[in-house]
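Geometric and topological summary
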Amino acid sequence: MRDAQPQSIYLKDYCQPEYWISQTELTFDLQDDATVVTAVLTLEANSAGAQSGVLELHGQQLELLGLTLDGDVLGTGRYTVTDETLSITGLAQQHFLTIVTRIYPATNTALEGLYRSGGMYCTQCEAEGFRRITYYLDRPDVMSVFTTHIIADGSRYPVMLSNGNCTADEMLADGRRKVTWLDPHRKPAYLFALVAGDLLNKEDRFTTMSGRDVTLKIFVEPQNIDKTDYALDALKRSMRWDEEVYGREYDLDIFMIVAVDDFNMGAMENKGLNIFNSSCVLANPATATDAAYQRIEAIVAHEYFHNWSGNRVTCRDWFQLSLKEGFTVFRDASFSADMHSATVKRIEDAKMVRTVQFAEDGGPMAHPVQPDSFIEIANFYTVTIYEKGAEVVGMIHKILGAEGFRKGSDLYFDRHDGQAVTIHDFVAAMEDANGVDLTLFKLWYKQAGTPVVSAAVDYREDEQALYLTLRQQCPDTPGQIGKQPMWIPVQLGLIAADGQDLPVQVAPALNTAGMETWTSASQVLHFTEAEQTFVFSGLAQPPVLSLFRDFSAPVKVEFQQSPQELLFRLQHDSDGFNRWDAGQRLMLDWIDQARLDEFELPEDARQVMVQLLTDETLDPAMVSYLLTLPSEAYIAEFSDPVDPHAIHLGRKRVRLAMAMALNEQFAACYQRLVSHAEYQPEPQQMAARTLKNLALSYWSVASDAGIRQALAQFGSTDNMTDQMAALVALINSGDDELAQQSLDAFYQQWQNDSLVVNQWLSVQSGSADLGTLSRIQQLLEHEAFDWRNPNKIRSVIGAFANQALCHFHAVDGSGYELLADAIIRLNATNPQIASRLLTPLTKWRRLIPELSEQMKAQLERVAAQPDLSRDVYEVVSKSLA
Ligand code: ARG
Ligand code: ZN
């Protein structure tokens, strides 16, 4: 909170600090009402920095108790303190600076810095939380060796953890305990962590590829000790995978994970001491769905992979955030693809990019993967930095091939180990290791917005050739007008009438930007100009074109294919991703038609779907994705302007039409996939459950037999995947009494398990049938709700505003008002969460006018509040600009 308007920070203004901090020694005295932090910093002048003798440290919400320089108390003339800084003047080359501050973890509701969650202490320092612990050069290019002492009542806090290795554990004269941790690896302050509490741990071991023995521990509150096995197993698989695929080994004797209930994000890669939102690490069959298991596996891997992509090689400044996040998401996605189905993983990722990232890229918060300015860095932990960043790394992988990419990553890690570097350094390593020039490609990091690629084909029988003309255009985004053409890898295939892929032969003369001439079944064109024509020869018949296989670039594609061609590709495309994509396009067309009128499933489509449902040789997970309708949010991204009520109606009609036309097949598919084997969170079982429960969802829409089956499954299952799927089917049954009875029974059963209660909250709040304003208001008053806990807020308000679109967009504007009220309230307690909740309102310009105006009015109401946090200020002001 501040008086002056928050200012932007620019990448172009980056300069090195005047001092480095070679050693950081911290002592935390955890007292009942407050914590006293003593920091001893070894300062060394930076010969490359300015030489003014002034040190300006960052600090927020700190009480300064003492300040000594080389052992002498600093006179008041030597330093100045503001709300955000501590400046000291008259410094020489080298000093020891001792700073004593007092902080109040128990009243820290922002969940940044040191705070209390339940009965424990924990930290979140990325991006700029460390400055709420002590005055410091809180920037990622300042790397230091950290020693941490924790002093506390040993009976109340038997577990006291920090980064690195535990080097001392002693009883003090006053009966309290003092534990010391030393992290030998230099690191920026954002990777610092501390935990103290009464926790249990599950332990395991891992032997690294060079034969070193590593202790693995997951710490949890006692009631959760039966929920650690899966994360531990995922951790070991991640460690092995990073050795095998990237040649990267773990580098400390111990690796710890701690689960905490109150956490703003998913998890944090603090060196040797990862801290996780409990929802992203704890699971057992009775309480976690298959989707939750897969999320846990991915996040455990993600945080572990950061040990190299993020910690050993870190970011020079926060404009480089995607250097570690885009690369690490790419790494965890490859890991998940290896653990399960690569095609299904690709589909899930593309869905996410199309639904959420394209929306961001087309809205007021659009920014490049490497932003050039920001007001509040916490607002830039976005799908653009993470998911688009990962897509960009994936395109480099596609361009260089697996081997070339590995050469590049080896060079990057070797060259920059122990350094804080830039995205440019990453690309340079890829270039140097492969002798390629990626200058043009780097526009992907600099230009915001989603390129639109349009394709036109012309088959010339006399030449037996297909002419494919591609055009690209990237829309203007805030602050970026007039974009240049980008290097877009277009993976494509040509399909013959019998469904087989034809050899792809590119006529070389016209393949201007191609890196080589090739013949193959599925190839990558290098599309680099505003308009380019590619000629494929040797085609006796006009083929069906399959463009952007494997979602080879994060672009929007405009290419007209007839319903027959789409259906043909849904059946025959050898690229699983494009099979799915063809089906989704077909369904989008149906939903469009169904907005206006009743809908009946076309007979040819019905036949293809029957085949999919009865072919037992297909991967059931894949079949399930092929038959799942696009979500309302996904449909909205393909609509202009967005009319949420029409989308809801259209989708509902198509769902009913599919359910009725395939009722028998869904019932039979369900019966075939019912299993009596003990639940295991392993890929084959998960795939079967996915299809079984999709079948149940359609079956129960169309018939009472389906509803009876959902009821039976709800009461008899041993696992949350099946129980939750049954509950959703009962909620969607249209029988309000049955829905409420089921919800009540579920709550009775699970009220003592907070993570399950969160699922109970979100399944109602996000429901098109139940997520009405009055229910949301009730849930906000419910004993299970807690305004301090981000998971609860996401489960109720987040689910409502992002999923229950027909209620959030109620024509009287009440949904918007409820969201704005929540944002205003949270602005004062947890600005990061308040700011995240704004996202649905930022899309106001895309809605139909009667809704758009009301959304804007609520944004204006938020903007007019006094004391806006930097986080909320940035998003509302940019949204209204
Ligand atoms: N680096 C974390 C990750 O693994 C994200 C932490 C960001 N936290 C925050 N409060 N902004 O992606
Ligand atoms: Zn990350």
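Residues numbered from 1 in each chain as written. Chains lettered and ligands numbered in written order. Predicted model: local features only at pLDDT ≥ 70, side-chain atom pairs only at ≥ 80, totals over all residues. Heavy atoms only, no water.

The test is simple: UniProt positions are given in the numbering used here, feature names are shortened, and annotations may be inferred rather than shown by experiment.
As recorded by an unreviewed UniProt entry, the chain carries the name Aminopeptidase N and is attributed to Oceanobacter antarcticus. For the chain, the Catalytic activity (unreviewed entry) comment in UniProt is given as "Release of an N-terminal amino acid, Xaa-|-Yaa- from a peptide, amide or arylamide. Xaa is preferably Ala, but may be most amino acids including Pro (slow action). When a terminal hydrophobic residue is followed by a prolyl residue, the two may be released as an intact Xaa-Pro dipeptide." Taken directly from UniProt, the Sequence similarities (unreviewed entry) text for the chain runs: "Belongs to the peptidase M1 family."

**Here we look at the coordination of the zinc ion (ligand 2)**
The condition is simple: Note that water is not among the atoms used; donors are N, O and S atoms within 2.8 Å of the metal (3.2 Å for Na, K and Ca), so sites may look incomplete. Secondary structure is summarised from DSSP: a helix means a run of H or I of at least four residues, a strand means a run of E of at least two, and numbering begins at the N terminus for each. Burial classes: relative accessible area under 20% of the type maximum marks a residue as buried, over 50% as exposed, and values in between as partly exposed (1.4 Å probe, protein chains only).
At the metal site, the zinc ion (ligand 2) is ligated by H302 (NE2), H306 (NE2), E325 (OE) and E325 (OE), and these contacts range over 1.9 to 2.7 Å. Between consecutive donor residues of the zinc ion (ligand 2), the sequence gaps follow H-x3-H-x18-E. Residue H302 is located in helix α2 (residues 290-305), and its partner E325 is located in helix α3 (residues 321-339); the two are separated by 23 residues in the primary sequence. You'll find H302 and E325 in the same group, each marked buried.

**Regarding the environment of Y250**
To keep it simple, the criterion reads: When checking whether two residues touch, look at their non-hydrogen atoms; a contact exists if any pair is within 4.5 Å. Two N or O atoms form a polar contact when they lie within 3.5 Å of each other; inside protein one atom must be a possible hydrogen donor and the other a possible acceptor, and for residues adjacent in sequence the pair counts only when both atoms belong to side chains.
Inspection of the secondary structure puts Y250 in the loop between α1 (229-246) and β19 (254-260). Judged by relative accessible area, Y250 falls into the buried class, the value being 2%. Once the C-alpha coordinates of Y250 and G408 are considered, the two residues, 158 residues apart in sequence, prove to be 20 Å apart. Excluding its chain neighbours within four sequence positions, the residues that come into contact with Y250 are T208, R212, V214, M239, F255, G272, Y304 and N307. A polar contact is formed between the side chain of Y250 and the backbone oxygen of I254, at a distance of 2.8 Å.

**Some points on the state of the cysteines**
Stated formally: Disulfides are defined in this document as cysteine sulfur pairs within 2.5 Å.
Under the counting rule described, the total for this entry stands at zero disulfides. You can see C122 has no disulfide; the closest cysteine sulfur is in C125, sitting 10 Å from it. A relative accessible area of 0% places C125 in the buried class.

**Comments concerning the site of ligand 1**
Short version of the rule: Near is defined per residue: the residue qualifies when any heavy atom it owns lies within 4 Å of the molecule or strand. All accessibility values rest on the Shrake-Rupley procedure with a 1.4 Å probe; residue burial counts only the protein chains present in the view. Side-chain classes are defined by residue name, with Ala, Val, Leu, Ile, Met, Phe, Trp, Tyr, Cys and Pro counting as nonpolar, Asp, Glu, Lys and Arg as charged, and the others, Gly among them, as polar.
Of all residues adjacent to ligand 1, which total 14 residues, the nearest are E126, E269, E303, E325 and Y386. Within the contact set of ligand 1, a nitrogen atom lies 3.0 Å away from a side-chain nitrogen or oxygen of E325. Protein contacts shield 96% of the accessible area of ligand 1, which totals 350 Å² for the unbound molecule. Classifying every residue of the shell around ligand 1 by side-chain character gives five nonpolar, four polar and five charged.

**Here we look at helix α5 (residues 383-416)**
Quick reminder: α-helices carry 3.6 residues per turn. Residues three or four places apart thus point the same way. Convention followed: The span one expects for a helix is its residue count, reduced by one, times 1.5 Å. Axes are fitted to the seven residues ending at a residue and to the seven starting at it; the angle between these axes is taken as the bend at that residue.
Between its first and last C-alpha atoms α5 spans 26 Å; for 34 residues at 1.5 Å apiece the expected length is 50 Å, and the helix comes up short by more than 12%. The sharpest bend along α5 measures roughly 110° and falls at G401. Of the residues one or two after α5, G418 is the one with positive phi, at around 85°.

**A closer look at the nonpolar core**
Condition: As used in this record, nonpolar core signifies buried Ala, Val, Leu, Ile, Met, Phe, Trp, Tyr and Cys residues forming a set joined through side-chain atoms within 4.5 Å.
Residues F426, I488, F536 and W590 are the most contacted members of the largest nonpolar core, which totals 280 residues. Looking at this core, the element that brings in the most residues is α5, giving 12 residues. If we ignore the near neighbours within four places in the chain, the residues touching F536 are Q464, A465, L466, L468, L492, L494, V504, Q505, V506 and L525.

**Considering the packing of α3 against helix α4 (residues 342-361)**
Worth spelling out the cut-off: Here the axes come from fitting lines to C-alpha atoms, over the contacting stretch only for helices, and the angles between their N-to-C directions go from 0 to 180 degrees. Orientation labels follow simple angle bins: below 35 degrees gives roughly parallel, above 145 gives roughly antiparallel, 65 to 115 gives roughly perpendicular, and whatever is left gives oblique.
Between α3 and α4, whose axes approach to 7 Å, the crossing angle comes to 140°. In this view, α3 runs oblique relative to α4, as classed from their interaxial angle. Facing α3, whose interface residues are A333, S336 and A337, α4 presents A342, K345 and D349.

**A word on the UniProt feature "domain: Peptidase M1 membrane alanine aminopeptidase" (unreviewed entry) in the chain**
Mapped onto this numbering, the UniProt entry gives "domain: Peptidase M1 membrane alanine aminopeptidase" (unreviewed entry) at residues 230-441. Segment residues 230-441 splits into 56% helix and 9% strand. End C-alpha atoms: 39 Å apart.

**Describing the pairing of strand β3 (residues 35-45)**
We count it as follows: By the convention used here, strands pair only if DSSP detects at least 2 bridges between them.
Among the 11 residues in β3, eight count as buried, and that is most of the element. As paired strands, strand β2 (residues 19-30) and β3 are joined by 11 bridges and run antiparallel to one another. Paired with L26 across the two strands is A39, which belongs to β3. Two successive antiparallel strands, β2 and β3, enclose a turn made up of four residues. Sheet topology note: the β3/strand β9 (residues 94-103) ladder contains 10 bridges and is antiparallel. Note that in β9 the partner of A39 across the bridge is I99.

**Thoughts on the side chain of D722**
On the secondary structure map, D722 appears in helix α17 (residues 720-731). With relative accessibility at 7%, the residue D722 sits in the buried group. When residues no more than four places from it in sequence are discounted, the contact partners of D722 are R689, K692, N693, Q713 and T717.

**Quick look at α4**
In α4, a bend of some 35° at V353 exceeds every other bend along the element. Summarising burial for α4: 14 of the 20 residues are buried, a large majority.

**Some thoughts on the sheet that holds strand β7 (residues 79-81)**
Pairing is antiparallel across the open sheet formed by three strands, whose spatial order is β4-β8-β7. Whereas interior strands pair on both sides, the edge strands pair on one side only; in this sheet they are β4 (55-58) and β7. Adjacent strand axes in the sheet meet at a mean angle of 15° when their direction is disregarded. Where β7 and strand β8 (residues 85-88) come together, three bridges link them in antiparallel fashion. Note on β8: the bridge partner recorded for T80 is S87.

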